[in-house]
Amino acid sequence: MLRTAALLILLVPAVAAQTWTEADTEAVTGNLLTLTFAPDLGALAEGEREAVAHLLAAGQILQELYEEQVHPDASEVRFHLDPESDEALLFRLFKGPVGTTADNRRVAFAERARPPSPERGVYPQGITAEEVEAYLAAHPEHRDDLLALRTVVRRAAPDEIARDRQTLEDHPSLAALHPRFTARLAALAERPDATALYAAPYAVAYADRVMVVRHHLLSAARAVEETDRDFAAYLRLRATDLLTGNYEGGDAAWVAGEFQNLNAQIGSYETYDDALFGVKAFYGLSLLARDEARSAELAAALTDIQDLEDRLPYERHKRVRSQIPVGVYNVIADFGQARGTNTATILPNEADHARKYGRTILLRYNVLTDPELFAGAKARFCAGVLPQHCDDLTLQGNFQRTLWHEVRHYLGVDRTEDGRALGPALQRSADLLEEMKSDLVSLFVAERLHETGYYTDEALRSVYASGILRVLQTVRPRREQAYQTMQLMQWNYFLEAGLLSLDASTGRLAIDYSRYHDTAESLLREVLAVQSAGDPERAEAFVERYTTWDDDLHGRVAAALAEAPAAGYRLVRYRALGE
Ligand SMILES: [Zn+2]
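Report on the accompanying structure. By convention here, each chain's residues receive numbers from 1 onward along its written sequence. Local features in this predicted model are restricted to residues of pLDDT 70 or higher, and side-chain atom pairs are both shown and tallied only at a pLDDT of 80 or more, whereas totals for entire chains, interfaces and linings draw on every residue. Values reported for side chains reflect all heavy atoms of the structure, with hydrogen atoms and water molecules removed beforehand.

Regarding the pattern of salt bridges
Selection rule: Throughout this description, the term salt bridge denotes a Lys or Arg side-chain nitrogen within 4 Å of a carboxyl oxygen of Asp or Glu. In this description a helix means any DSSP run of H or I spanning at least four residues, a strand means any run of E spanning at least two, and both kinds are numbered starting from the N terminus. Working definition: with a 1.4 Å probe on protein chains only, accessible area under 20% of the residue-type maximum means buried, over 50% means exposed, and in between means partly exposed.
Enumeration according to the criterion identifies 36 salt bridges in this entry. Between Glu68 and Arg209 there is a salt bridge, and its shortest N-O distance comes to 2.7 Å. Taken together, the residues span a long stretch of sequence, with Glu68 in helix H2 (residues 46-70) and Arg209 in helix H11 (residues 207-224) at a distance of 141 residues. The salt bridge partner of Arg238 is Asp241, with a shortest N-O separation of 2.8 Å. Taken as a pair, Arg238 and Asp241 lie in helix H12 (residues 229-244) at a separation of three residues, close to a single helical turn. Comparing Arg238 with Asp241 shows no difference in burial state: the two are buried. When salt bridges that share partners are traced, they join Glu64, Glu67, Glu68, Arg78 and Arg209 into one network.

Focus on the environment of Leu136
What counts is decided by this rule: We call two residues in contact when some of their heavy atoms are within 4.5 Å.
In this structure, Leu136 sits in helix H5 (residues 129-138). Residue classification places Leu136 among the buried positions, given a relative accessible area of 1%. The sequence separation of Leu136 and His71 amounts to 65 residues, and the corresponding C-alpha distance is 24 Å. With residues near it in sequence (within four places) discarded, Leu136 still touches His142, Arg143, Leu146 and Leu147.

Side note on unusual backbone geometry
Excluding glycine, most residues fall at negative phi; most peptide bonds, likewise, are trans. The peptide bond linking Leu347 to Pro348 adopts the cis configuration, its omega dihedral lying at 0 degrees. Tracing the sequence through the fold places Pro348 in the loop between strand E9 (344-347) and helix H16 (351-357). Non-glycine residue Lys95 carries a positive phi angle of around 55 degrees. You can call Lys95 buried: its relative accessible area is 14%. The backbone phi angle of Arg120 is positive, close to 50 degrees, even though this residue is not glycine. If you trace the backbone, Arg120 turns up in the loop between strand E3 (106-108) and H5.

Some thoughts on the side chain of Gln490
Position of Gln490 among the secondary structure elements: in helix H24 (residues 482-496). A relative accessible area of 1% places Gln490 in the buried class.

Let's talk about the packing of aromatic side chains
Describing an aromatic ring pair means giving the distance of the ring centres and the angle of the ring planes. Formally: Only centres within 6.5 Å qualify two rings of Phe, Tyr or Trp (six-membered ring in Trp) as a pair; their planes then separate them into stacked at under 30 degrees, edge-to-face at over 60, and tilted for everything else.
Scanning the entire structure with this criterion turns up 26 aromatic pairs. Here the aromatic rings of Trp491 and Trp549 are separated by 6.2 Å at their centres, their planes lie at 85 degrees, and the arrangement is edge-to-face. Taken as a pair, Trp491 in helix H24 and Trp549 in the loop between helix H26 (536-545) and helix H27 (551-563) lie far apart in primary sequence, 58 residues in all. Trp549 carries the same exposure label as Trp491, and that label is buried. With centroids separated by 5.8 Å and ring planes inclined at 75 degrees, the aromatic side chains of Phe542 and Tyr546 adopt a geometry described as edge-to-face. Among the residues examined, Phe542 registers a relative accessible area of 6% and is labelled buried.

Considering helix H14 (residues 292-301)
Our working rule: Throughout, the arc means the angular range of directions from the helix axis out to the C-beta atoms. Definition of a polar contact: a pair of N or O atoms within 3.5 Å, with one able to donate and the other able to accept a hydrogen when the atoms are protein atoms, and with sequence-neighbouring residues admitted only if both atoms are side-chain atoms.
The complete set of buried residues in H14 reads Ser295, Leu298 and Ala301. Buried residues of H14, seen end-on, are gathered within an arc of 120 degrees and therefore sit on one face of the element. For H14, exposure combined with an orientation more than 90 degrees from the buried face picks out Ala293 and Glu297. Where H14 begins, the capping side chain belongs to Asp291, and its oxygen is found 3.4 Å from the backbone nitrogen of Ala293.

Comments concerning the environment of Ala564
Tracing the chain through its elements places Ala564 in the loop between H27 and strand E13 (569-574). Residues Ala564 and Val153, spaced 411 residues apart in sequence, show a C-alpha to C-alpha distance of 44 Å. If near-sequence neighbours (up to four positions away) are discounted, Ala564 is found in contact with Ala379, Arg380 and Ala383.

Examining the sheet that holds E9
Formally: For two strands to pair, DSSP has to find at least two bridges joining them. Between N-to-C directions, angles cover 0 to 180 degrees, with each direction set by a line fitted to C-alpha atoms, over the stretch in contact for helices.
Strands sit in the order E6-E7-E8-E10-E9 across an open sheet of five strands; the sheet is mixed. Edge positions in the sheet fall to strand E6 (262-268) and E9, since each of these pairs with one other strand and no more. Going across the sheet, the axis of each strand differs from the next one's by a mean of 35 degrees, ignoring polarity. The pairing of E6 with strand E7 (residues 283-290) spans seven bridges and is antiparallel. Of the residues in E7, the one forming a bridge with Asn263 is Leu288.

A few points about the nonpolar core
Put simply, the rule is: Among buried residues, those of type Ala, Val, Leu, Ile, Met, Phe, Trp, Tyr and Cys that are joined through side-chain atoms within 4.5 Å constitute a nonpolar core.
In terms of nonpolar packing, the biggest core is built from 82 residues, with Leu363, Phe381, Trp404, Leu433, Ile468, Trp491 and Phe542 touching the most fellow members. The residues contacting Phe381, other than those within four sequence positions of it, are His389, Cys390, Leu393, Ala465, Ile468, Leu469 and Ile511. By size, the runner-up hydrophobic cluster in this structure holds 81 residues, among which are Ala156, Tyr198, Val204 and Ala239.

Digging into the state of the cysteines
Definition in use: For this text, the term disulfide refers to a pair of cysteine sulfurs within 2.5 Å.
One pass over the full model with this rule turns up one disulfide. Note that Cys382 is cross-linked by a disulfide to Cys390, the S-S spacing being 1.9 Å. The chirality of the disulfide connecting Cys382 with Cys390 is right-handed, given an S-S dihedral of about 75 degrees. Like Cys390, Cys382 is buried.

Given below as structure tokens:
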């Protein structure tokens with residue numbers, strides 16, 4: 001996956017007061033970029049327009065559910081919002097009643113909202129990770145349900161149990177689909193135990209609205225069943241997935257289907273918002289219009305992907321899927337977890353689904369090439385490098401580098417030398433190594449793509465410049481920030497190799513492009529070797545070696561980047577929603 005380099009996710013220890021002030025609001029509104037996505041939908045057939053209307057309606061509901069998953073007071077705050085107020089603007093921007101201050105503290109800005117807490121709206125209020133762990137240790141048989149992707153954890157209090165039993169009575173289909181949960185509730189009702197925890201499937205916890213979402217998906221499916229059979233089949237399966245919490249059917253149809261003009265990411269996939277255990281997926285929906293010409297061009301460029309795999313600097317080359325499901329899209333509207341300025345996604349995350357069906361890559365063209373977002377990126381680049389490099393970065397280079405980053409998740413080491421999965425083998429270094437691999441493969445193969453004529457001289461230079469922008473940091477990353485940490489590692493490696501050097505008089509970086517390919521290759525070789533070995537201590541030593549931070553070098557460049565004229569907050573609006 002790939003997220004835009006948001007300045008907002010760099011958290012700073014909370015030392016300042018935990019109240020939101022007028023000054024905090026002004027710091028947001030004075031540093032806000034508002035974007036409106038408005039792709040041309042003129043080519044859609046009537047049935048497709050009808051499907052769009054249903055999917056937007058489903059998205060609005062998932063937006064609300066997402067806000068409530070993130071904060072237990074979200075619906076109360078939303079109900080009392082004055083649409084013209086600053087509070088409404090903040091609620092929209094931050095997707096709930098908690099904002100991020102200019103110095104990166106998370107603070108509730110709405111009076112009716114409690115301060116933010118790691119349990120969010122998906123664990124009992126006030127619970128700690130230690131308490132959950134203690135319960136799991138005593139009741140290992142409930143571990144899988146309690147830590148499942150798509151369940152809400154509850155205390156077994158009589159009113160909670162009664163409410164969930166009422167839901168099952170109102171929706172007999174849910175009782176039929178969740179027999180184990182139904183039996184557990186019945187057992188708890190007979191022997192109430194206030195110290196016990198239980199896991200309610202999302203479909204039960206949010207039953208009434210999930211049923212409405214399901215209805216919209218089925219209606220959208222009906223609207224396109226004549227013109228887009230694969231998309232209709234996917235929507236029908238996903239409508240059922242939302243009730244079972246098991247997305248395998250919909251994921252298979254999503255990844256393997258050949259859709260026409262529309263695509264949609266629907267349901268709960270990403271776990272970034274679960275601050276307690278990082279295991280709960282939060283709701284979202286992303287409705288996309290396919291750019292057929294750009295998708296076809298991309299598919300043509302991907303035909304030689306096996307050749308690129310065979311050129312990578314490691315021994316155990318694998319067979320790459322000849323058909324990688326990748327498309328270029330324009331965002332019609334995003335909801336919930338998916339809302340923002342994400343440039344691309346690669347899903348599903350569940351390892352079993354990815355292994356069996358592959359993963360679909362969705363490139364968001366109108367985000368990737370938005371002129372104002374690019375102007376901010378370029379301002380940061382130009383603040384960090386010598387003036388003669390500034391114009392090396394072009395919009396197309398940024399797009400190509402992002403595109404190939406996603407495709408590169410398909411290439412390279414996917415198991416250790418002795419056959420273990422990378423995640424459990426490399427533990428907390430697994431994600432950052434995987435992301436660094438993808439970054440470096442896309443830089444390493446650039447030379448080959450230039451030889452084959454895919455990149456012009458100018459495009460190659462721009463891809464390289466984009467690779468430099470990617471690694472520069474505005475603050476020193478914390479070790480648990482996988483993306484920023486691996487970017488800093490590349491920055492340091494590039495310095496060591498002489499690809500980058502600090503111009504002492506200006507405090508800016510000089511780029512020696514003649515060293516680019518060899519530098520990318522040698523670091524990639526090292527990353528692939530660390531992944532192959534599957535030794536977490538070796539990985540940790542590698543991370544440690546390249547995460548040094550020198551205030552006179554990194555700090556100086558970081559300060560220059562932070563000064564660049566680029567908005568810190570981005571509010572996204574959608575024409576399709578009448579905005
Ligand atoms: Zn990635």
